[in-house]
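# Descriptive analysis of the structure
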Amino acid sequence: MNAIVPTSPNIVIIGAGPAGVRAAQTLVEAGLHPIVIDENRRAGGQIYRQPPPGFVRSKKELYGFEAAKAEALHSSFDQLRPAIDYRPDTLVWNCMPGHPGQLDLLHAQRHAEQPYSHLILCTGALDRIMPFPGWTLPGVYTLGAAQVALKAQGCVLDGRVVIAGSGPLLYLLAYQYVKAGADVVAVLDTARFGGKLRALPALLRQSVTFAKGLYFMGWLRAKGIPLIDGVEQIAADGKHTIQSLRWTRGGKTTEIACDALATGFGLRSETQLAELAGCRFVFNELNQQWLPQRDDAGRSSVPGVYLAGDGSGIAGADAAELSGRAAALALLQDLGLPANAAAKAAAEQESRRLAQTLRSNLQFRQGLETAFPTAVHWARDCADDLVICRCEEIPAGELRRSVQQEGTVEINRLKAMTRVGMGRCQGRMCGAAAAEILAHATGVSVAEAGRLRVQAPVKPIPVSAALAAEEQT
Amino acid sequence: MSLLRRVAEQERKSVSFWLDGKPLSARAGDSVLTAVLTQADQLRRTEFSGTPRAGFCLIGCCQDCWMRSEDGVAVRACTTEIAEGMRLLSGMVPAVAGDTA
């Protein structure tokens, strides 16, 4: 504790979810005072998101089985507050590597700059999205959106709700929604229950998590909620808002009337800042995504930049807490801390133990991917008129035309030619589908189609803030 | 028609705001998105096809919930808290003469 640091490092943690909080805690325990920047107003990340002040539901009501973990994380963070420089409600919209590096921030519509010597990126994840007919209709939301509405605002999607897609969040959301009084009319799983059995050995490594999934399914069945597996080709229909959803299963088409749809196909890491920080990326087959390279402890390819949590590969909240601690220990080690030999040996031992636990967690993840495979192949065969890019309303046919007529073979070229991925969301919603369409149309793998590059600002900022940034550089 | 329904946290202070020129009320702590979609079914129209949108991710990523206020300020509905007297436009009715909403 209270080690003397030769030069005072400017350590910035981005994200105050499970990874960011545990990273901050580890640094504070070592006597450092990191800056913690978070886009949310309150700590907890998406999974342990806290409602605005004045909301009264208990942690048990908000987080169910995870209440104790949420409580532990929130109270750890509250205890850290005096020792950290906490900047909630602050967007990091640019990162410029260097010595020191610099972050561009936006808070309350105003621009600010923050130099850094070390960065721990805990940027989290969002739903992996697959476009399908009708996906832009009002009433169609991501699984995460439906969950945030309930957790942070005490609301559910109104009317008859269908929950469709894949991944563990599917049944969890259905359970939370039915419990909260939502009218869930069907849960459609794009995976087959048989796939889950094949994945059993890997899933049993984390039997508690697996048991929860089975519990939710059993509970939903007991409530009479139809759970349908092996669903393909979902399509929403409606005049102004969604009015029905149809799908195929074993060649047969079924349609159900509904007023809302929550959909998602697992999670996708938010990697934009790692890219701007100069990190090397590799295509990750398990996540079907380009991810910043990291070693067992969370060191990126850039000295001084560390990665933790779901922002550099999906591993879940428990793993995020561990990887947040591991990354902070690695950072301390790189600073020559702790200086005391016995403490140093203990920290190294802990690092090794954390790495081992995280590796075994990865095997569970492989199991989950077998159980809930991503329906990326949908995009390959989608109709030409399907809108792939929500921002700029670019249909699949335009992407395919660019391949056929302009010989486009690389994703950034495709972006330049068609504007796909160039809109306000910077490809967060359309990137995976666009890469899949390009890869299929050119006959290469998604990895070979290349990585969609991001540009600052990573999210829209007011023109006044951009001008202020310009003036200061 | 509404897209969201309140099922908890109902005992909060009321906040008055305007949507498309109509006075409405929300609850303190509501996001703009919650305030609007508990009593309406769209937030905006797209610049290209003019079709209605009502947000998608609710965590500040998809950028599909940007509304306009009457004085032309852009508001990201999912991450902005509703405030007393806000005057919001959903694209449901023409904002100015000549608009094709």
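Definitions and cut-offs
Residues numbered from 1 in each chain as written. Chains lettered and ligands numbered in written order. Predicted model: local features only at pLDDT ≥ 70, side-chain atom pairs only at ≥ 80, totals over all residues. Helix = DSSP H or I, 4+ residues; strand = E, 2+ residues; numbered from the N terminus. Rg over C-alpha atoms; globule rule 2.2 N^0.38 Å. Buried ≥ 20, exposed ≤ 12 C-beta atoms within 10 Å, placed from the backbone. Contact = placed C-beta atoms within 7 Å. Axes fitted to C-alpha atoms, helices over the stretch in contact; angles between N-to-C directions. Left-handed = near helix turned anticlockwise from the far one by under 90°. Pairing = 2+ DSSP bridges. Core = buried A, V, L, I, M, F, W, Y, C linked by C-beta atoms within 7 Å. Domains from an automatic or database assignment. Nonpolar A, V, L, I, M, F, W, Y, C, P; charged D, E, K, R; others polar. Expected span 1.5 Å × (residues − 1).

To continue, consider the overall build of chain A. Of the regular secondary structure elements, chain A holds 16 helices and 23 strands. Since a compact globule built from 473 residues should have a radius of gyration of about 23 Å, the 22 Å found for chain A is in line with a globular shape. A principal-axis box enclosing the C-alpha atoms of chain A has dimensions of 70 × 55 × 45 Å. Counting every position in chain A, which comprises 473 residues, the buried fraction comes to 54%.

Another aspect to go through is the overall build of chain B. Scanning chain B for helices and strands turns up one helix and eight strands. Taking 101 residues into account, the globule formula puts the C-alpha radius of gyration at 13 Å, and chain B, at 13 Å, falls close to it. Along the three orthogonal principal directions, the C-alpha set of chain B runs to about 40 × 25 × 25 Å. The buried share of chain B, taken over its 101 residues, is 44%. For chain B, restricting intrachain contacts to residue pairs at least 6 apart in sequence, the fraction spanning at least 24 positions comes to 46%.

Residue and element names in this part refer to chain A. Within the secondary structure, L399 is located in helix 13 (residues 396–406). For L399, a count of 25 C-beta atoms within 10 Å puts it in the buried group. Residues L399 and A342 lie 57 residues apart in sequence; the distance between their C-alpha atoms is 59 Å. Sequence-distant contacts of L399, defined by excluding residues within four places in its chain, comprise I388, L414, T418, V420, A434, I437 and L438.

Turning our eyes to something else, we now look at the environment of A:A19. Residues and elements named next belong to chain A. Position of A19 relative to the elements: it lies in helix 1 (residues 18–29). Residue classification places A19 among the buried positions, given that 35 C-beta atoms sit within 10 Å. Each C-alpha atom of the pair A19 and T442 lies 39 Å from the other, and the pair is 423 residues apart in sequence. Beyond its immediate stretch of four places on either side in the chain, A19 contacts C122, A308, G309, A320, E321, S323 and G324.

Moving on, we come to the packing of helix 1 of chain A against helix 10 (residues 317–334) of chain A. Residue and element names in this part refer to chain A. Where helix 1 contacts helix 10, the axes come no closer than 7 Å and their chain directions differ by 35 degrees. Of the two elements, helix 1 crosses helix 10, and the hand of that crossing is right-handed. When helix 1 is examined against helix 10, the residues P18, A19, G20, V21, R22, A23, T26 and L27 are found in contact with a partner set consisting of A317, A320, E321, S323, G324, R325, A327, A328 and L329.

Bringing the pairing of strand 16 (residues 252–257) of chain A into the picture now. Residues and elements named next belong to chain A. Within strand 16, only zero of the six residues are buried, leaving the element largely exposed. As paired elements, strand 15 (residues 244–249) and strand 16 share six bridges and run antiparallel to each other. Bridge pairing in strand 16 places L245 opposite I256. The turn linking strand 15 back onto strand 16 is made up of two residues, and G250 within it adopts a positive phi angle of 55 degrees.

Right, let's talk about the sheet that holds strand 7 (residues 118–121) of chain A for a bit. All names here are of chain A. Read across the open sheet, the five strands follow the order 3-2-1-7-21; overall the sheet is parallel. Each edge of the sheet is formed by a strand with only one pairing partner; in this case those strands are strand 3 (85–87) and strand 21 (305–307). Strand-to-strand twist across the sheet, computed as the mean angle between neighbouring axes with direction ignored, equals 15 degrees. Across three bridges, strand 1 (residues 11–14) lies against strand 2 (residues 35–37) in parallel orientation. Note on strand 2: the bridge partner recorded for I13 is V36. Packed on one face of the sheet, helix 1 meets strand 1, strand 2 and strand 7 and runs near 160 degrees to strand 1.

Residues and elements named next belong to chain A. Among the nonpolar cores identified, the biggest contains 172 residues, and I120, L157, A174, A327, I388, A434 and L438 are the most heavily contacted of them. The element contributing the most residues to this core is helix 10, with eleven residues. Two domains share this core, each providing at least three of its residues, namely domain 1 (11–126 + 268–367) and domain 2 (129–263). The residues contacting A434, other than those within four sequence positions of it, are I388, L399, I411, L414, V420 and G421.

With 39 residues of chain A at the interface, the matching set in chain B holds 33 residues. Elements with a contribution of two residues or more to the side of chain A that touches chain B: strand 8 (125–127), strand 9 (140–142), helix 4 (143–153) and strand 10 (155–157) of chain A. Among the elements that take part in the side of chain A that touches chain B, helix 4 of chain A stands out by supplying five residues, more than any other. Tallied by class, residues from the side of chain A that touches chain B come to 18 nonpolar, eleven polar and ten charged. Note that strand 10 of chain A and strand 1 (residues 4–6) of chain B share three bridges and pair antiparallel. Residue pairing in the sheet places A:L157 in a bridge with B:L4 of strand 1 of chain B.

Once that is clear, we can look at the pairing of strand 7 of chain A. Residues and elements named next belong to chain A. Side chains of strand 7 alternate between two faces, with H118 and I120 and L119 and L121 buried alike. By the bridge criterion, four bridges tie strand 1 to strand 7 in an arrangement that is parallel. Bridging across to strand 7, I11 finds its partner in H118. For strand 7 and strand 21, the ladder comprises three bridges, and the chain directions are parallel. Residue L119 lies in a different strand from strand 21, and its bridge partner there is V305.

Residues and elements named next belong to chain A. Cis geometry is found at the peptide bond from H99 to P100, where omega equals 0 degrees. In this chain, L337 is followed by P338 through a cis amide linkage whose omega measures -10 degrees. Here P338 lies in the loop between helix 10 and helix 11 (341–371). Residues other than glycine seldom take positive phi values, yet D89 does so here, at roughly 55 degrees. Here D89 is to be found in the loop between strand 3 and strand 4 (90–96). Among the residues examined, D89 registers 15 C-beta atoms within 10 Å and is labelled partly exposed. The phi dihedral of Q109 falls on the positive side, at around 70 degrees, and the residue is not glycine. Following the sequence through the fold, Q109 ends up in the loop between strand 5 (101–107) and strand 6 (110–116).

Attention now goes to helix 1 of chain A. Residues and elements named next belong to chain A. Relative to the 16 Å expected for twelve residues at 1.5 Å per residue, helix 1 spans 17 Å between its end C-alpha atoms, a close match to the ideal helical length. Of all twelve residues that make up helix 1, eleven are buried, and the element is covered over most of its length. Of the positions making up helix 1, those classed as buried are P18, A19, G20, V21, R22, A23, A24, Q25, T26, L27 and V28. Against the buried residues of helix 1 lie strand 1, strand 2, helix 3 (67–80), strand 7 and helix 10.

The quantities given are spatial measurements derived from coordinates; they are silent on function.
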